[in-house]
Amino acid sequence: MAKHFLTLLDLEKNEAEALIQRAIELKKMLREGTEHNFLKQKTLAMIFDKSSTRTRVSFETAMVQFGGHAIFLSPRDTQLGRGEPIEDSARVLSRMVDLIMIRTFEHEKLEKFAEYSQVPVINALTDMYHPCQLLADVQTFVEHRGAIRDKTVAWIGDGNNMCHSYINAARQFGFKLNIAAPTGYDPDTDIMQAAGDIVKLTRDPKEAADQADMIVTDVWASMGQEEEQKQREKSFKDFQVNASLMACAKKDALFMHCLPAHRGEEVAADIIDGPQSVVWDEAENRLHSQKALLELLYNSK
Ligand code: CP
Ligand code: NVA
């Protein structure tokens, strides 16, 4: 059976650690101009039911750098978009391509697809999780500050797909996670409970940020929640990452955001564009960490 990456928990802890080191190594190889045609003549199918800039470009570029090819599939012009069953699409695509990446709404759709796929399936974001982003975030922390184990990360804002992946990352990489979310926007209870006491939830962003090594946030309304934007602006108004919140964290705390960002909403412009922000390295690392992921999954086929 193929090895899938539907959540971070699909990796063994040592695999996850090794993946980060490999991502750093692949980045260095690329900088030095070392060719690595690891997926020569191999194909990655990329199914996108939601928009993307970073995920699409990083996976497509990863395949080119590996000597392979990526196929972009949108529901507008595939039979999946016209209702062909997920099971059938998975069986057909996985007889032709070597790896499959999916960005969609329901996590269950991804799980069903993986169940019927002969080749590795990668979660490129669902309503529940965004594990690829966490590989890049952890890589970025490690590059700037060394080991993330036993460090404290503060998640400020929505208990959304990114927050859920942060909870899983805290388990996998051994850091503490303080979550500050307004009432009604808590992360999933089961995901929280499974993490135990390494994850704490509060209503007070300053309490979460206190002495943190890193502050991270995300948009207040995720893809598919556009009509809730106005309500969410009200609910989250006290959850902006700004200078007074950053001042609660350690002096050398990093700021991360998966992007796209809304300056003046979840983050103040002087923070995302300021000296503590590593969001551009974070975005670039999508490429390197996903190359490490493609290697790991393909090798374990
Ligand atoms: N962070 C992220 O996944 O960005 P895209 O939506 O542009 O892919
Ligand atoms: N939570 C955001 C992440 C975007 C990369 C969303 O799902 O829209």
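As shown above, the structure is provided for reference.
Cut-off values and rules
- Residues numbered from 1 in each chain as written.
- Chains lettered and ligands numbered in written order.
- Predicted model: local features only at pLDDT ≥ 70, side-chain atom pairs only at ≥ 80, totals over all residues.
- Heavy atoms only, no water.
- Buried < 20%, exposed > 50% of the residue type's maximum accessible area, 1.4 Å probe, protein only.
- Helix = DSSP H or I, 4+ residues; strand = E, 2+ residues; numbered from the N terminus.
- Pairing = 2+ DSSP bridges.
- Right-handed = clockwise from strand over helix to strand, strands pointing away.
- Core = buried A, V, L, I, M, F, W, Y, C linked by side-chain atoms within 4.5 Å.
- Contact = heavy atoms within 4.5 Å.
- Near = heavy atom within 4 Å.
- Polar contact = N/O pair within 3.5 Å; in protein donor to acceptor, adjacent residues only side chain to side chain.
- Areas by Shrake-Rupley, 256 points an atom, 1.4 Å probe, with all protein chains shown as cover.
- Nonpolar A, V, L, I, M, F, W, Y, C, P; charged D, E, K, R; others polar.
- Axes fitted to C-alpha atoms, helices over the stretch in contact; angles between N-to-C directions.

(A) Quick peek at the pairing of strand β5 (residues 152–156). Across the five residues that make up β5, a large majority, five, are buried. Where burial is concerned, the two faces of β5 agree: the one with T152, A154 and I156 and the one with V153 and W155 are both buried. Where β5 meets strand β6 (residues 176–180), five bridges bridge the pair, whose relative direction is parallel. Its bridge partner being in β6, A154 is matched across the sheet by N178. What joins β5 to β6 is helix α6 (residues 161–173), and the crossover it makes is right-handed.

(B) Fine view of the nonpolar core. Counting 60 residues, the largest nonpolar core has Y166, L177 and L294 as the members making the most contacts within it. Not counting residues within four places of it along the chain, the set of residues in contact with L294 comprises F38, L39, L44, F59, A62, M63, F66, L99 and I122. Grouped together as the second largest cluster of nonpolar side chains are 25 residues, F236, F239, L259 and I272 included.

(C) Examining the site of ligand 2 more closely. In the neighbourhood of ligand 2, the contacting residues comprise L125, H130, N160, N161, D218, S222, M223, C258 and L259. Between ligand 2 and N161, the relevant distance is 2.8 Å, taken from an oxygen atom to a side-chain nitrogen or oxygen of the residue. S222 is positioned with one of its side-chain polar atoms (N or O) 2.7 Å from a nitrogen atom of ligand 2. Protein chains shield 93% of the accessible area of ligand 2, which is 270 Å² for the free molecule.

(D) Structural detail: the site of ligand 1. In the neighbourhood of ligand 1, the contacting residues comprise S52, T53, R54, T55, R103, H130, Q133, C258, L259 and R286. For ligand 1, an oxygen atom lies 2.7 Å from a polar atom in the side chain of S52. At 2.7 Å, a backbone N or O of T53 approaches an oxygen atom of ligand 1. Alone, ligand 1 offers 250 Å² of accessible surface; in the complex the protein occludes 96% of this. Taken together, the residues of the shell around ligand 1 break down into two nonpolar, five polar and three charged.

(E) Expanded view of the sheet that holds strand β8 (residues 214–217). If you walk across this open sheet you meet the five strands as β7-β6-β5-β8-β9, and the pairing is parallel. One side of each edge strand has no neighbouring strand; the edge strands of this open sheet are β7 (199–202) and β9 (254–257). Between one strand axis and the next, the sheet turns through 20 degrees on average, direction left out of account. Pairing between β8 and β9: four bridges, direction parallel. Residue pairing in the sheet places I215 in a bridge with F255 of β9. Docked against the sheet, helix α5 (residues 131–145) engages β8 and β9, running at close to 160 degrees with respect to β9. The strands that α6 touches are β5, β6, β7, β8 and β9; relative to β6, the one it contacts most, it runs at about 155 degrees.

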